[in-house]
Amino acid sequence: MVLPLAAAFKLQAGASIVSGLFGRSAAKKKAKAARAMAQYNANVIRQNAKAEADAIESNLGNLIKDQREIQALQRMSVASRGGTLEGTDLLTLINQRKEMQLDNLELLRQRDIATITGEQKAQGAIYQGQQQAAIARAEGRAALAKGVLGAASVGVNYKIAEAQNLL
């Protein structure tokens, strides 16, 4: 069965528009998938950062416990010698406690850095996903425009063929 030329033009124009619509639909799905993947990656990054911060927090708890034991031993050492907490013993204990506090603050700083770094990486993953989604949406708009322009081109060719009495 041979199609009349007019029907072939209409079929080609319709196919062009349908192709553009399918292209746009596929691009929307690609954009949605990019956003979902970015959100998943961000959640994984956040969970890893939280796990690292929790591990540092646990180390801090162990350090504080160890420091208390050391302080108790120091006090017992001074007392066992019949000393009092003044003079050289007191200065040594003060310096030791200052160092211990600095160690505690350093672990808190590391915990905060781990949390902040994780959040920054998560935000970066989300941003990349948004960029990929924007690119996919632009590709979808381009596919639709290509389909519409293809249909318009078929229409122009139809009018030319009609004017030349080819139909």
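About the criteria used
- Residues numbered from 1 in each chain as written.
- Predicted model: local features only at pLDDT ≥ 70, side-chain atom pairs only at ≥ 80, totals over all residues.
- Heavy atoms only, no water.
- Helix = DSSP H or I, 4+ residues; strand = E, 2+ residues; numbered from the N terminus.
- Rg over C-alpha atoms; globule rule 2.2 N^0.38 Å.
- Buried < 20%, exposed > 50% of the residue type's maximum accessible area, 1.4 Å probe, protein only.
- Contact = heavy atoms within 4.5 Å.
- Areas by Shrake-Rupley, 256 points an atom, 1.4 Å probe, with all protein chains shown as cover.
- Lys, Arg positive; Asp, Glu negative; His and termini not counted.
- Charge placed at Lys NZ, Arg CZ, Asp CG, Glu CD.
- Phe/Tyr/Trp six-rings, centres within 6.5 Å; stacked < 30°, edge-to-face > 60°.
- Core = buried A, V, L, I, M, F, W, Y, C linked by side-chain atoms within 4.5 Å.
- Salt bridge = Lys/Arg side-chain N within 4 Å of Asp/Glu carboxyl O.

1. Remarks on the overall build of the protein chain
Working step 1: A tally of regular secondary structure across the protein chain gives 2 helices and 0 strands.
Working step 2: Relative to a compact globule of 167 residues, whose C-alpha radius of gyration would be 15 Å, the protein chain shows 36 Å and is clearly more extended.
Working step 3: In terms of overall dimensions, the protein chain has a C-alpha envelope of 120 × 25 × 10 Å along the principal axes.
Working step 4: The buried share of the protein chain, reckoned over its 167 residues, is 20%.
Working step 5: Within the protein chain, counting contacts between residues at least 6 apart in sequence, those at least 24 apart form 86% of the total.
Working step 6: Carbon and sulfur atoms make up 60% of the accessible area of the protein chain, which amounts to about 11,600 Å² in all.
Working step 7: Between the centroid of the 22 positive side chains of the protein chain and the centroid of its 14 negative side chains there is a distance of 19 Å.

2. With respect to the environment of Asn104
Working step 1: Residue position: Asn104 is located in helix H2 (residues 87–163).
Working step 2: A relative accessible area of 10% means that Asn104 is categorised as buried.
Working step 3: On a C-alpha basis, the gap between Asn104 and Leu149 in space is 67 Å, while along the polypeptide they are 45 residues apart.
Working step 4: Contacts of Asn104, omitting those with residues within four sequence positions, involve Leu60, Leu63, Ile64 and Gln67.

3. Comments concerning the packing of aromatic side chains
Working step 1: With the rule as written, the count across this model stands at 1 aromatic pair.
Working step 2: Where Phe9 meets Tyr158, the ring centres are 5.6 Å apart and the plane angle is 75°; that geometry is what we call edge-to-face. Taken as a pair, Phe9 in helix H1 (residues 5–80) and Tyr158 in helix H2 lie far apart in primary sequence, 149 residues in all.

4. A few points about the nonpolar core
Working step 1: Formed by Phe9, Ala13, Ala151, Val154 and Ala161, the largest nonpolar core amounts to 5 residues.
Working step 2: Listed by contribution, the elements that provide at least two residues to this core are H1 and H2.
Working step 3: Here this core gets 3 residues from one element, more than from any other, and that element is H2.

5. Digging into the pattern of salt bridges
Working step 1: In this structure the tally under the stated criterion is 8 salt bridges.
Working step 2: In this structure, Glu139 and Lys30 form a salt bridge, with 3.3 Å as the shortest nitrogen-oxygen distance. Remark: Lys30 occurs in helix H1 and Glu139 occurs in helix H2; sequence separation between them is 109 residues.
Working step 3: Its relative accessible area of 49% is what places Lys30 among the partly exposed residues.
Working step 4: Between Glu106 and Arg109 there is a salt bridge, with its nearest N and O atoms 2.8 Å apart. Of this pair, Glu106 and Arg109 both sit in helix H2, 3 residues apart, which is roughly one turn of that helix.
Working step 5: Judged by its relative accessible area of 30%, Glu106 is partly exposed.

6. Some words on the side chain of Gln71
Working step 1: With respect to the element layout, Gln71 can be found in helix H1.
Working step 2: Contacts of Gln71, omitting those with residues within four sequence positions, involve Arg97 and Met100.

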